[in-house]
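Structure at a glance
Chain residues, written in single-letter form:
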Amino acid sequence: MDFSSLYDSLALIKPEIIISVTLVLIVVLDLIYDKNKKLVPYLALLGLIVSGIYILSDIANEGFAFKMSATSNKFGLLALDSFGSYFKLLIILTSVLIVFFAKHSVEIENTGKRQGEFYTLLFGMILGMMFMVSASDLIMIYVSMELLSFSSYVLAGFIKLRDRNSEASLKYIIFGGVASGVMLFGISLIYGLTGTTNLYSINAALQSGNINLIVLGFSLLLIVAGIGYKISAVPFHFWTPDVYEGAPISITAFLSVASKAAGFAILIRFIKTAFVTNVDGSGNWLLVPVFDWKTLISVFAILTMTLGNFAALWQDNLKRMLAYSSIAHAGYLLLGVVVFSQIGIEAILIYFAIYMLMNLGSFYIVMLIADKTGSEDIHDYSGLGYVTPFLGVSFAVFLVSLTGLPPTAGFIGKLYLFIALIDAKMTTLAVIAVLNSVVSLYYYIRVLKHMFLTKPNGEVKEIKLSTANVVYVIVLLIPVLVLGIYFSPLVNFAESCLAFLSF
Amino acid sequence: MYEYLNNIVGNEVITYFVVAALPLFLVVLPFALIAVLAERKVSAHMQDRLGPMRVGYHGILQTVADILKLIQKEDIIIPQADKKLFNLAPFLVFIGSYAVFAALPFSSKFIGTNAEVGIFYILAVSGFVVAGILMGGWASDNKYSLLGAMRSAAQIVSYEIPTAIVVLTLVMITGTLNLGTMSEQQTAYFWNWNILGGAGEGIQQILLIPFMVVAFTILFISTLAEVNRTPFDIPEAESELVAGFHTEYSGMKFAMFFLAEYANMFAVSAIIVSLLFGGYQSPFGYLGNTLGIPALIPFEQLFWFLSKGVFFVFVQMWLRWTLPRLRVDQLMTVCWKYLIPYAVFNLLIVGIITLI
Amino acid sequence: MNLYDIIFYLFAAITIVSAFIVVNAKNIVYAAFSLLFTFFGVSGLYVLLGADFIAIVQVMVYIGGILVLLLFGVMLTHKITSVDIKAGSVQTIPAVIIIGIFAALLIGLMYSTHWAVNPAEIPVTTTKSLGKTLVTEYVLIFELLGILLLVAMIGAATIARRDGDK
């Protein structure tokens with residue numbers, strides 16, 4: 001037997017291997033130190049950082065891993081390229097932040113002995129996402145998505161204090177089960193049509209013609225439903241508010257950033273690999289004319305951002321509001337997909353990096369306040385801005401950035417998206433997106449109004465912050481402000497990460 | 001066997017039915033007749049009694065008389081019972097235990113289906129028994145029945161795991177799931193049996209022996225539990241649950257459960273025999289070879305297979321009158337805390353040995 | 001129509017009829033037991049497709065594992081605690097219409113499509129080749145499934161654990 005191709009493949013997935021090893025080590029450490037769970041987060045951090053270093057150092061390494069030798073197919077289960085590496089880096093970075101997030105979180109602290117399991121499951125999610133972003137085979141996509149889903153189902157209901165937590169987990173699992181079933185059905189139809197599950201071979205089969213377009217369209221709709229569930233695009237978003245509200249805040253934040261990023265990565269890779277014949281000189285993608293992706297994604301994008309923004313207007317629970325806001329942001333991000341060009345993808349990459357910072361920042365502050373006041377209701381935020389000005393001001397910055405106003409980083413993210421849209425002459429979509437941003441201004445600013453302008457009903461207790469809390473907020477706050485002014489390094493880095501592995 | 005019958009009957013479909021029915025009439029029914037009597041006789045002699053003595057010489061015809069009585073009995077269905085499921089359950093249980101016989105290699109010429117997945121199939125179809133037991137217990141509308149069914153199902157499902165792991169160990173050594181092939185490999189002398197390291201040569205075979213003995217012990221204990229025999233007869237514990245899941249059954253339906261139980265006893269013994277004790281192979285070579293009559297060999301094989309199987313059934317009976325019953329928690333502890341880990345380690349070690 | 005066709009239709013009928021009972025039964029225990037026959041029918045179809053190993057796995061996992069767990073759950077909640085579990089149906093007509101459209105669509109698609117068909121082979125035993133594929137070409141997926149199961153197990157234990165034992 002020839003092992004050389006296996007060794008080559010293993011050399012390409014070092015970061016993933018490190019994550020899996022860390023997962024196992026966490027389980028073992030958890031068993032050895034039954035009483036003391038203080039070491040587990042540090043082990044998790046170590047694993048994440050080592051893995052991150054490997055991603056950074058191997059960012060130029062490209063190639064197919066786990067090739068199908070038997071079918072003399074040169075494409076593998078995984079396509080390692082810089083696009084995937086960018087997302088992996090993003091996921092690792094988010095995970096590092098989430099580990100600190102969870103360390104500071106009182107609800108996670110209260111689970112006591114179960115913290116080891118928390119980190120194990122977190123690593124399950126991370127591993128699933130890392131494989132997802134570079135999967136180039138439908139089976140691989142499905143399995144990695146399931147790994148991500150299974151861990152997140154449990155984590156969503158990890159705190160068992162209130163009924164709401166279990167409700168979140170149950171809703172998530174039911175929706176998730178249906179979505180993955182639907183997607184699997186779509187996959188089986190595609191396999192029936194093309195005789196292969198590999199995205200590259202599917203591309204070849206599509207180009208050769210001879211495909212029943214109605215069946216193809218049907219199966220693609222099913223697959224998009226599965227992916228749309230992960231990125232919580234309307235109309236597959238029903239789980240999002242309930243799950244985001246019921247899950248522990250650290251997990252909500254993780255789901256809203258990393259899980260969404262992985263979903264977008266796989267959506268983009270799916271379209272790019274299976275449907276794009278070639279990329280022309282100005283970076284536009286030429287799609288195989290078998291399916292009207294443009295209309296479908298446009299409709300999803302418009303629905304997603306409009307519904308997300310309008311539903312957010314009525315939310316009094318901050319977590320729920322941020323859930324709807326994250327739906328809206330998925331809508332903006334879909335705009336980057338719809339232009340089908342390198343510029344659009346670049347805009348998505350930039351937006352995601354910024355979105356990670358500002359969204360995690362908002363959730364972190366919501367968590368700090370909820371841990372101290374025990375409430376996520378907007379009416380309990382009255383007067384908090386004066387009592388703890390540091391939190392008030394930083395929350396203001398994050399929310400302004402989420403709205404997309406200068407001089408924050410959020411503005412830059414939106415700017416690049418709109419440039420991509422206008423470049424592709426999709427002015428209507430750009431106008432709708434701008435109008436949506438205006439709507440979103442209302443609910444973001446409403447929080448600030450409560451914090452600074454509404455008179456509190458009674459005495460407002462000061463929220464005492466530890467140094468670690470302050471450092472965490474500042475770590476997120478500074479990039480949000482700096483990237484609003486000096487953004488060229490991020491843009492350059494994103495530009496260098498646009499390479500997809502092609503034939 | 002199949003071709004031979006097909007020539008006689010001349011019709012494919014009828015042949016299938018004949019082949020399917022053969023183990024029932026050749027093995028299961030006669031075996032049940034003998035085993036029921038044997039159980040009573042064995043238990044009697046172990047307790048220094050005589051057992052049934054009145055029907056025939058030393059009570060030989062006792063079971064026949066019992067069957068006649070069972071047939072005459074009124075088929076009582078209690079009014080609160082769920083009739084459909086109540087009537088279906090005995091059949092389901094019997095199907096589950098009888099389906100096992102399809103893959104047993106009675107002799108080199110007499111295997112119901114020589115399917116490649118043989119032993120795996122046997123493990124799988126026992127799932128029907130569990131479903132049937134649960135069905136019967138639930139439909140009886142009796143708390144003892146339901147409790148018995150629950151205990152039984154939990155027990156069978158748990159003990160399936162060590163069984164499967166040990167079977168996996170054997171599959172790893174022999175490289176096949178087919179029981180027929182497995183028997184064939186343990187060629188006709190007892191030192192070629194898997195319990196003594198299989199038909200391989202050299203150091204490997206000797207190294208394997210202790211681990212095969214471990215495998216046998218685990219397999220025997222867990223199959224004993226799977227057929228709900230003492231010391232694992234908690235589901236039917238008379239002193240606690242009347243008679244477990246079949247408390248409410250009478251007449252022929254009770255007889256079905258009874259038949260299934262005895263069929264199961266033989267089936268698990270046959271599995272042990274074909275996995276570890278040479279299957280249908282004779283321990284000392286064949287008379288047919290010595291006499292130069294090859295046609296005799298299959299019959300010899302049938303004889304050896306049945307006698308080895310019956311021997312293990314006898315061991316089961318022997319244990320029944322030797323060991324006291326376990327408690328429920330002890331039962332689960334034995335399975336999850338001891339048998340499964342030991343089986344897994346055994347699997348690993350055997351894996352390493354086969355790699356050498 | 002030869003023997004195999006008859007067997008195919010038999011298994012298909014078992015699957016469909018029992019699946020219909022599963023969704024329609026008022027009594028949840030009936031639904032659970034009908035599932036037994038659905039699983040059995042599906043495994044029969046696998047056998048006819050020449051996928052012997054998958055067929056056995058179907059029986060082993062679904063009947064021997066999932067169904068028994070399901071029955072346990074149902075029985076422990078249904079009869080012992082005498083909680084009445086409602087298994088009625090609401091909005092039958094819209095559901096029938098939607099399913100009708102969906103079924104018509106699927107059947108239409110099925111007949112109008114040119115499927116990628118491989119030439120029929122004499123069914124050979126699949127166990128060995130299946131095992132080989134799993135540890136060579138699909139080894140990554142195989143390993144990933146291992147981690148998936150580990151995570152699922154830890155997750156199940158986490159959920160089942162009482163919060164009292166901190």
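Residues numbered from 1 in each chain as written. Chains lettered and ligands numbered in written order. Predicted model: local features only at pLDDT ≥ 70, side-chain atom pairs only at ≥ 80, totals over all residues.

1. Things to note about the overall build of chain B
Secondary structure assignment for chain B yields 13 helices and 2 strands. For 356 residues, the compact-globule formula gives about 21 Å, and the C-alpha radius of gyration of chain B, at 21 Å, lands near that figure. Reported as C-alpha extents along the three principal axes, the dimensions of chain B are approximately 65 × 55 × 45 Å. Going through the 356 residues of chain B one by one, you find that 47% of them count as buried. (Helix = DSSP H or I, 4+ residues; strand = E, 2+ residues; numbered from the N terminus. Rg over C-alpha atoms; globule rule 2.2 N^0.38 Å. Buried ≥ 20, exposed ≤ 12 C-beta atoms within 10 Å, placed from the backbone.)

2. A short note on the overall build of chain C
Helix and strand content of chain C: 6 helices and 0 strands. In sequence order, chain C lays out its α and β elements as α-α-α-α-α-α.

3. A short note on the interface of chain C and chain A
Every contact between the two is made by 22 residues of chain C and, on the other side, 37 residues of chain A. When residues of the side of chain C that touches chain A are traced back to their parent elements, those giving at least two are helix 4 (92-112) and helix 6 (139-160) of chain C. Ranked by residue count, the leading element in the side of chain C that touches chain A is helix 6 of chain C, at 12 residues. Looking at the side of chain C that touches chain A, its residues break down into 13 nonpolar, 5 polar and 4 charged. (Contact = placed C-beta atoms within 7 Å. Nonpolar A, V, L, I, M, F, W, Y, C, P; charged D, E, K, R; others polar.)

4. Some words on the interface of chain C and chain B
Contacts between the two partners involve 19 residues from chain C, matched on the other side by 24 residues from chain B. At the level of secondary structure, the elements contributing two or more residues to the side of chain C that touches chain B comprise helix 2 (28-48) and helix 3 (52-78) of chain C. With 12 residues, helix 3 of chain C is the largest single contributor of residues to the side of chain C that touches chain B. Residues belonging to the side of chain C that touches chain B are distributed by class as follows: 14 nonpolar, 3 polar and 2 charged.

5. Comments concerning the environment of arginine 162 of chain A
Residues and elements named next belong to chain A. Within the secondary structure layout, arginine 162 lies in the loop between helix 7 (138-156) and helix 8 (163-194). The exposure class of arginine 162 is exposed, given the 10 C-beta atoms found within 10 Å. A C-alpha to C-alpha distance of 8.6 Å links arginine 162 and glycine 246, two positions 84 residues apart in sequence.

6. Quick notes on the environment of glycine 47 of chain A
All names here are of chain A. Mapped onto the elements, glycine 47 comes out in helix 3 (residues 39-57). In this structure glycine 47 comes out as buried when scored by C-beta crowding, with 25 C-beta atoms within 10 Å. For the pair glycine 47 and leucine 89, spaced 42 residues apart in the sequence, the C-alpha separation amounts to 13 Å. If sequence neighbours within four positions are ignored, glycine 47 has contacts with Ile18, Ile19 and Thr22.

7. Focus on the packing of helix 4 (residues 83-99) of chain B against helix 5 (residues 118-139) of chain B
Residue and element names in this part refer to chain B. For the pair helix 4 and helix 5, interaxial distance at closest approach is 7 Å and the crossing angle is 160°. The angle between helix 4 and helix 5 places the two elements in the roughly antiparallel class. Between helix 4 and helix 5 lies a crossing whose hand is left-handed. Here Leu85, Phe86, Leu88, Ala89, Pro90, Leu92, Val93, Ile95, Gly96, Ser97 and Ala99 of helix 4 lie close against helix 5, whose contacting residues are Val125, Ser126, Phe128, Val129, Ala131, Gly132, Ile133, Met135, Gly136, Trp138 and Ala139. Here the contact of helix 4 with helix 5 is composed, by residue class, of 17 nonpolar, 5 polar and no charged. (Axes fitted to C-alpha atoms, helices over the stretch in contact; angles between N-to-C directions. Parallel < 35°, antiparallel > 145°, perpendicular 65-115°, else oblique. Left-handed = near helix turned anticlockwise from the far one by under 90°.)

8. Let's talk about the packing of helix 17 (residues 389-403) of chain A against helix 20 (residues 467-485) of chain A
Residue and element names in this part refer to chain A. Remark: helix 17 packs on helix 20, axes separated minimally by 10 Å, with the N-to-C direction vectors making an angle of 35°. Of the two elements, helix 17 crosses helix 20, and the hand of that crossing is left-handed. Contact with helix 17, carried on its side by Phe390, Ser394, Val397, Phe398 and Ser401, involves Val470, Val473, Leu477, Val480 and Leu481 of helix 20 and no other residues of that element. Partitioning the contact of helix 17 with helix 20 into residue classes produces 8 nonpolar, 2 polar and no charged.

9. Points about the pairing of strand 3 (residues 276-279) of chain A
All names here are of chain A. Judged from the 3 bridges that link them, strand 3 and strand 4 (residues 285-287) form a sheet pairing that is antiparallel. Its bridge partner lying in strand 4, valine 279 is registered against tryptophan 285. Where strand 3 folds back onto strand 4 in an antiparallel hairpin, the turn is made up of 5 residues, including glycine 283, whose phi is positive at roughly 85°. (Pairing = 2+ DSSP bridges.)

10. Let's talk about the pairing of strand 2 (residues 76-80) of chain A
Residues and elements named next belong to chain A. For strand 2, the tally of buried residues reaches 5 of 5 residues, placing the bulk of the element in the interior. Pairing analysis gives 4 bridges linking strand 1 (residues 63-67) to strand 2, with the strands arranged antiparallel. Each bridged residue has a counterpart across the sheet, and for phenylalanine 64 the counterpart in strand 2 is alanine 79.

11. Some thoughts on helix 14 (residues 318-338) of chain A
Residue and element names in this part refer to chain A. Its 21 residues give helix 14 an end-to-end C-alpha distance of 30 Å, which sits within 8% of 30 Å, the value for a rise of 1.5 Å per residue. Counting buried positions along helix 14 yields 21 of 21 residues, so the element is predominantly enclosed. Where helix 14 ends, the next residue or the one after it, phenylalanine 340, has phi of about 50°, a positive value. (Expected span 1.5 Å × (residues − 1).)

12. With respect to the nonpolar core
Formed by 201 residues in total, the largest nonpolar core has its most connected members in Met132 and Ala262 of chain A. Dropping the residues within four chain positions of it, alanine 262 of chain A is found in contact with Phe87, Ile91, Met129, Met132, Val133 and Leu148 of chain A. (Core = buried A, V, L, I, M, F, W, Y, C linked by C-beta atoms within 7 Å.)

13. Things to note about the arrangement of the chains
Of all 2 pairs of chains that touch, the greatest number of contacts is found between chains A and C. Separated in space, chain A and chain B share no contact, their closest pair of C-alpha atoms being 15 Å apart.

14. Some words on unusual backbone geometry
All names here are of chain A. Proline 235 follows valine 234 through a cis peptide bond whose omega is 5°. Within the secondary structure layout, proline 235 lies in the loop between helix 10 (213-230) and helix 11 (239-246). Between proline 406 and the following residue, proline 407, the backbone shows a cis peptide bond with an omega angle of 10°. On the secondary structure map, proline 407 appears in the loop between helix 17 and helix 18 (409-423). The backbone of serine 232 sits at a positive phi, close to 45°, despite the residue not being glycine. Mapping serine 232 onto the fold places it in the loop between helix 10 and helix 11. A positive phi angle, near 50°, is found at phenylalanine 340, a position not held by glycine. As for its placement among the helices and strands, phenylalanine 340 is situated in the loop between helix 14 and helix 15 (342-373). The exposure class assigned to phenylalanine 340 is buried, which follows from the 24 C-beta atoms found within 10 Å.

15. Things to note about the confidence of the model for chain C
Detailed reading of the predicted coordinates is not advisable wherever pLDDT is low. Residues and elements named next belong to chain C. Per-residue confidence for chain C gives a mean pLDDT of 80, with 83% of residues at or over 70. The spread of mean pLDDT over the elements of chain C runs between helix 5 (residues 127-135), the lowest at 82, and helix 6, the highest at 89. Scoring of the predicted complex yields 0.88 for pTM and 0.88 for ipTM. (pLDDT = per-residue confidence, 0-100.)

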